[in-house]
Amino acid sequence: MDREILRENDAEQKKRLVNEMQIVFESKSENEGFARTAVASFIMPLDPTIDDLADIKTAVSEAVTNCVIHGYEMGPGKIFLDAAVWDRTLVVSVTDEGRGIADIDKAMEPMYTTKPELERSGMGFSFMEAFMDAVEVESAPGRGTRVVMQKAIR
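Quick caveat, the model's predicted, so the values are computed rather than measured.

K.L.:
Looking at this model, I keep getting lost on the overall build of the protein chain. Mind explaining?
P.N.:
Across its full length, the protein chain holds 5 helices and 5 strands. Along the protein chain, helices and strands appear, N-terminal first, in the series α-β-α-α-β-β-α-α-β-β. Scored against the burial criterion, the 154 residues of the protein chain give a buried share of 48%. Relative to all contacts within the protein chain whose residues are 6 or more apart in sequence, the contacts with residues 24 or more apart total 65%. Carbon and sulfur atoms form 50% of the exposed surface of the protein chain, whose accessible area is close to 8200 Å².

K.L.:
Before we go on, may I ask you to explain the nonpolar core in this structure?
P.N.:
What tends to happen in soluble globular proteins is that the nonpolar side chains get buried as a cluster. Counting residues in hydrophobic clusters, the biggest one holds 36 residues, and the most contacted among them are V60, L81, L90, V92, V94 and M149. Mapped by element, the contributors of at least two residues to this core are β1 (17-26), α2 (31-42), α3 (50-71), β2 (78-86), β3 (89-96), α5 (124-131), β4 (134-140) and β5 (144-152). Not counting chain neighbours up to four residues away, the residues in contact with M149 comprise A59, V60, A63, L90, V91, V92, V94, M128, M132, A134 and V135.

K.L.:
What am I meant to see in the pairing of β5 here?
P.N.:
Consecutive side chains of a regular strand alternate in pointing toward one face of the sheet and then the other. Among the 9 residues in β5, 8 count as buried, and that is most of the element. The pairing of β3 with β5 spans 8 bridges and is classified as antiparallel. Residue pairing in the sheet places V91 in a bridge with Q150 of β5. Looking at chain direction, β4 and β5 are connected through 7 bridges and run antiparallel. If you follow E138 over to β5, its bridge partner there is R146. The loop that links β4 with its antiparallel partner β5 comprises 3 residues; one of these, G142, has a positive phi angle of about 80 degrees.

K.L.:
Quick question: what am I supposed to make of the sheet that holds β3 here?
P.N.:
Each strand in a sheet pairs with another by means of backbone hydrogen bonds, the pair being arranged parallel or else antiparallel. Pairing within the open sheet is antiparallel, and its 5 strands lie in the order β1-β2-β3-β5-β4. Single-partner strands in this sheet number two, and they are β1 and β4. Taking the axes of each pair of neighbouring strands and ignoring which way they run, one obtains an average angle of 10 degrees across the sheet. Here α2 sits on the sheet in contact with β1, β2 and β3, set at roughly 170 degrees to β1. Across the face of the sheet, α5 comes into contact with β4 and β5 while running at roughly 25 degrees to β5.

K.L.:
Help me understand the packing of aromatic side chains in this model?
P.N.:
Counting across every chain of the model gives 2 aromatic pairs. With centroids separated by 5.8 Å and ring planes inclined at 85 degrees, the aromatic side chains of F25 and F34 adopt a geometry described as edge-to-face. Look at F25 and you get buried, because its relative accessible area is 6%.

K.L.:
Would you mind going over α2 with me for this structure?
P.N.:
In an α-helix, one turn spans 3.6 residues, which is why side chains three or four residues apart end up on the same side. The end-to-end C-alpha distance of α2 is 16 Å, a good match for the 16 Å that 12 residues give at a rise of 1.5 Å each. Within the sequence span of α2, burial applies to N31, E32, A35, A38, V39, A40 and F42. Of the surrounding secondary structure, the elements contacted by the buried residues of α2 are β1, α3, β2 and β3.

Procedures and definitions
Residues numbered from 1 in each chain as written. Predicted model: local features only at pLDDT ≥ 70, side-chain atom pairs only at ≥ 80, totals over all residues. Heavy atoms only, no water. Helix = DSSP H or I, 4+ residues; strand = E, 2+ residues; numbered from the N terminus. Buried < 20%, exposed > 50% of the residue type's maximum accessible area, 1.4 Å probe, protein only. Contact = heavy atoms within 4.5 Å. Areas by Shrake-Rupley, 256 points an atom, 1.4 Å probe, with all protein chains shown as cover. Core = buried A, V, L, I, M, F, W, Y, C linked by side-chain atoms within 4.5 Å. Pairing = 2+ DSSP bridges. Axes fitted to C-alpha atoms, helices over the stretch in contact; angles between N-to-C directions. Phe/Tyr/Trp six-rings, centres within 6.5 Å; stacked < 30°, edge-to-face > 60°. Expected span 1.5 Å × (residues − 1).

Remember that the coordinates give geometry; whether it matters functionally is a separate question.
Written out as structure tokens, the structure reads:
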């Protein structure tokens, strides 16, 4: 999966870049809290509202949990968290190199889950879409999944 948030050929976009970070961590459920806290800390200079923080933390939590539960179901792997601030817009990318998604449209349907035995609600992508301004999903079976989310901080 292509992890670049910033496209090298977009000079205008480079001018708007305020800050960026990249973190790599193990696909362990205990790292979900670390990821959400890291992104929340990263955007503090923008003085986000409590609601913005809660929305972003929930969306990041859902994306990381999907990597742990679905992406690396056969064993451990790495999760790549990239974040950038463009003007006052946060762009967060959560990527795994796990099993991938065969049918993205189906996976994004509310209540759809491939893990009913784990009492998964199938609402991860729905929550991401509800709490963020934009959500894009790229995936290929056997190659992993990348979720890119955006939220303007007013």
